[in-house]
2 protein chains.
Amino acid sequence: MSTAFSPAAVRTLADPDTPFAVVDAHRARRNIARLRARADRLGVGLRPHVKTAKSLDAAALLHDGAPGPLTVSTLAEAEAFADAGYRDLTYAVGIEPRKLPRVTALSRRGVTLRVLLDSAEQAEFVAAAARETGLALPALIEIDCDGHRGGLKPDAPGLTGIGRVLHDAGCLDGVLTHAGESYSAFTAEERRAAARDERDAAVTAARRLRAAGLPVRTVSVGSTPTAHAADDLTGVTELRAGNYVFFDLVMAGLGVCAPADIALSVVVTVIGHRPEYGWIVTDGGWMALSRDRGTAGQPQDQGYGLVTDLSGTLIPGLVMTAASQEHGTLTARDGAALPELPIGTRLRILPNHACATAAQHHGYHVVDSGRGTSASPAIEAYWPRVSGW
Amino acid sequence: MSTAFSPAAVRTLADPDTPFAVVDAHRARRNIARLRARADRLGVGLRPHVKTAKSLDAAALLHDGAPGPLTVSTLAEAEAFADAGYRDLTYAVGIEPRKLPRVTALSRRGVTLRVLLDSAEQAEFVAAAARETGLALPALIEIDCDGHRGGLKPDAPGLTGIGRVLHDAGCLDGVLTHAGESYSAFTAEERRAAARDERDAAVTAARRLRAAGLPVRTVSVGSTPTAHAADDLTGVTELRAGNYVFFDLVMAGLGVCAPADIALSVVVTVIGHRPEYGWIVTDGGWMALSRDRGTAGQPQDQGYGLVTDLSGTLIPGLVMTAASQEHGTLTARDGAALPELPIGTRLRILPNHACATAAQHHGYHVVDSGRGTSASPAIEAYWPRVSGW
């Protein structure tokens, strides 16, 4: 788990070989507190998604150190969090038959692991597994609110039939909706509307199931943009969001956060200059940043990321505009002067998409900007990531 | 290293939990033999780049099991290959001062690890380290042939001065060029021209250094497109390429290979259907495929990848067109019928960019299509990857 560095071994961001990922725990705590306060005001529970950080140490900040409710994106995450004492998990990717043995193994260990499905076919095999094993295998029916990905429309004729199959096997837990299209909702009003659509879809589906005599416990909604915009979650039992712990330039581009809220960055080193092209070359390419170009479709394209000095202060006008496997190219925007950054200079890149950039690393060196600004912040811990499937 | 499965434990691609990466060793061996035959005909040595596979087992195919010359993209690769007995390595990313201790540590172990540089600043600190340690620290001067990334133009005034600094410290090994722009050379003639420019840049720089009385041993060129197009490498001592071991849809789009040469794929499972949108949903998203969309700028955009059945046979007209973290969306192209693929069906995705997709996995399950076609090919080995920096 967390590896706290002993005072004798105190190191700073000037020390580890680059590139490496950094989490600013102060910003992460602030982001977590912000959404928790919102959920409290809205009167719903919070079931954070751990797919972004994939870290037991980061997750410990979500529920004040308690093993509270979480959403996971892989069975590897479910197993790692179960090993750490978490007992209330939702696996938010549609279930397929070959994954059931790992689901039932977790259930046998006393873990409530809700599975997700949107077809009669899946309901049948989950129900069959529950009957065969005698285990409670709680399932959520995925509801589609915006045509983003999976799910049944709330008025789909098949909904109550699926609910019946699950209920008869003791598996029906509730419904789940994710407003994935809210990632392109550029105004607060659009995000509020997306949050209402997300809520309405889930609540409508739950109402239809209840009207058919099928008890619904969980009515789960969420995405980082809608979670920060929802103004009324009547009928909803829990809110999900994941990206918000770190945030990123896509969320900043939407206006959900500011660049100064982004808790994840990648430390890189200047390894070359091409003054004839206006380029500064670093050792941080797409292997360290990911290929994600999520801001490319936004009004302000942020390239592969914005650049800060090692303290975390933005260098105005400098953008990472190109990446090969182990090379990044920084250029000045809109006629800004290219700063003098000699070979060996360390910089931090704020990423487009925290989930994708974090996935390129085994873990995070952790700093805490709440202790004040430093030209080379002290590393307080190392948080490993859960990886694989 | 390679984990050979015992006959009692024989498994097939139907067995491991999805998503997972697969290498077809037959195709990889064929790709390797093809470029080796070219290098033999051209009369140059081959120094394959291991940045794509990052696997000791895959590298064992490159030089008939011998620890021959390799190119690496990280010091982590250099150290892993040194541990396995490789003694002739080139680290093809510009060096910076903080990485020198790991370079000198490898040199002390008897590893010839050439470093790369393109500035007087770098030459000075490499020379200083060589003098200080008394170690031979061979260096290559990076030459830019096409404005792609780093390097000095072959006629750059500073070239011989840098050569002199290196030579006086016993560090001058030679010059290295990479025609990165050849990744957008769509005809064989354009690639032949790029290969000539690459050769000319390296040979011109070497001639200038020699004319200044500076001995040049290595004249290194290469990229997968130019290595497969070069018709005359007079003056060049070695050819580098990496992607060619696996190939991918970007290379197929250029015409450097055919889709049937692509040795890397990712096995995914169907987890849902959205007939109203014409979507089949799988459990392979960008976490398994990477965010790379390298064919997006090609005449034929292949989305996130082409789809085959588990045997490796292409399913005509089916493309992976969207990805979220753990979801992939398959759609039919150009009015093709969407095939009937029930939940639980396993498929293989041929990736845009093998380097980026391979990087999303800890290793490869290995099959061998040279043993005949099978509806569910036997897994013959597991090849772990080197990761991190």
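Reading the values: rules and limits
- Residues numbered from 1 in each chain as written.
- Chains lettered and ligands numbered in written order.
- Predicted model: local features only at pLDDT ≥ 70, side-chain atom pairs only at ≥ 80, totals over all residues.
- Heavy atoms only, no water.
- UniProt positions renumbered as here; feature names shortened; annotations may be inferred.
- Helix = DSSP H or I, 4+ residues; strand = E, 2+ residues; numbered from the N terminus.
- Least-squares fit on C-alpha atoms with pLDDT ≥ 70 in both.
- Contact = heavy atoms within 4.5 Å.
- Buried < 20%, exposed > 50% of the residue type's maximum accessible area, 1.4 Å probe, protein only.
- Polar contact = N/O pair within 3.5 Å; in protein donor to acceptor, adjacent residues only side chain to side chain.
- Expected span 1.5 Å × (residues − 1).
- Pairing = 2+ DSSP bridges.
- Buried area = accessible area lost by both parts, 1.4 Å probe.
- Salt bridge = Lys/Arg side-chain N within 4 Å of Asp/Glu carboxyl O.
- Nonpolar A, V, L, I, M, F, W, Y, C, P; charged D, E, K, R; others polar.

Draft legend 1. Quick peek at the UniProt feature "domain: D-serine dehydratase-like" (unreviewed entry) in chain A. Here, the residues flagged by UniProt with the feature "domain: D-serine dehydratase-like" (unreviewed entry) are residues 263-368 of chain A. Each end of residues 263-368 of chain A is marked by a C-alpha atom, and these two atoms are 10 Å apart; helix forms 8% of the span and strand 43%.

Draft legend 2. Geometry of the relation of the copies chain A and chain B. When chain A is brought onto chain B, the operation consists of a screw motion whose angular component is 180° and whose axial shift is 0.0 Å, with 0.0 Å RMSD remaining. As the rotation angle and translation indicate, the two copies are arranged about a two-fold axis. The rotation axis passes nearest to the C-alpha of Arg291 of chain A in chain A, at a distance of 2.5 Å. By residue overlap, the copies meet face to face through one surface: 100% of the interface positions of chain A are interface positions in chain B.

Draft legend 3. View of the side chain of Ser220 of chain A. Residues and elements named next belong to chain A. Residue placement: Ser220 occurs in strand β10 (residues 218-221). Judged by its relative accessible area of 0%, Ser220 falls in the buried class. Within the structure, the side chain of Ser220 is placed 2.7 Å from the side chain of Glu238, a separation counted as a polar contact. Discounting chain neighbours no more than four positions away, the residues touching Ser220 are Val175, Leu176, Thr177, Glu238 and Arg240.

Draft legend 4. Layout of helix α7 (residues 188-211) of chain A. Residues and elements named next belong to chain A. With 24 residues, α7 extends 34 Å between its outermost C-alpha atoms, agreeing within 8% with the 34 Å of an ideal straight helix rising 1.5 Å per residue. Within the span of α7, buried status applies to Arg191, Ala194, Ala195, Glu198, Arg199, Ala201, Ala202, Val203, Ala205, Ala206 and Leu209. In this fold, the buried residues of α7 make contact with β8 (139-143), α6 (159-168), β9 (172-177), β10, α8 (224-227) and α9 (249-254). Remark: Gly213 follows α7 within two positions and exhibits a positive phi of approximately 85°.

Draft legend 5. Structural detail: the sheet that holds strand β8 (residues 139-143) of chain B. One open sheet accounts for eight strands, arranged β4-β11-β10-β9-β8-β7-β6-β5 (chain B); its pairing is parallel. The open sheet terminates on both sides in strands that have one partner only, identified here as β4 (45-46) and β5 (70-72) of chain B.

Draft legend 6. Region of the structure containing the interface of chain A and chain B. In this assembly, 62 residues from chain A lie in contact with 62 residues from chain B. Across the chain A to chain B interface the summed buried area is about 4,900 Å²; carbon plus sulfur atoms make up 52%. Across the chain A-chain B interface, the total number found is ten salt bridges. With a shortest N-O distance of 2.7 Å, Arg102 of chain B and Asp17 of chain A are connected by a salt bridge. Listing elements by their share of the side of chain A that touches chain B, those giving two or more residues are β6 (88-94), α5 (120-133), β12 (264-274), α10 (286-289) and α11 (354-358) of chain A. Here the residues of the side of chain A that touches chain B are counted per class, giving 20 nonpolar, 22 polar and 20 charged.

Draft legend 7. Here's a closer look at the pairing of strand β14 (residues 305-309) of chain A. All names here are of chain A. With four of five residues buried, β14 is to be regarded as a mostly interior element. Bridging between β14 and strand β15 (residues 314-323) involves three bridges; their strand directions are antiparallel. Counterpart to Thr308 in the pairing with β15 is Leu314. The hairpin formed by β14 and β15 contains four residues between the paired strands, and Gly312 there has a positive phi angle of roughly 105°. As defined by bridge partners, β14 adjoins strand β17 (residues 346-351) across five bridges and the pair is classed as antiparallel.

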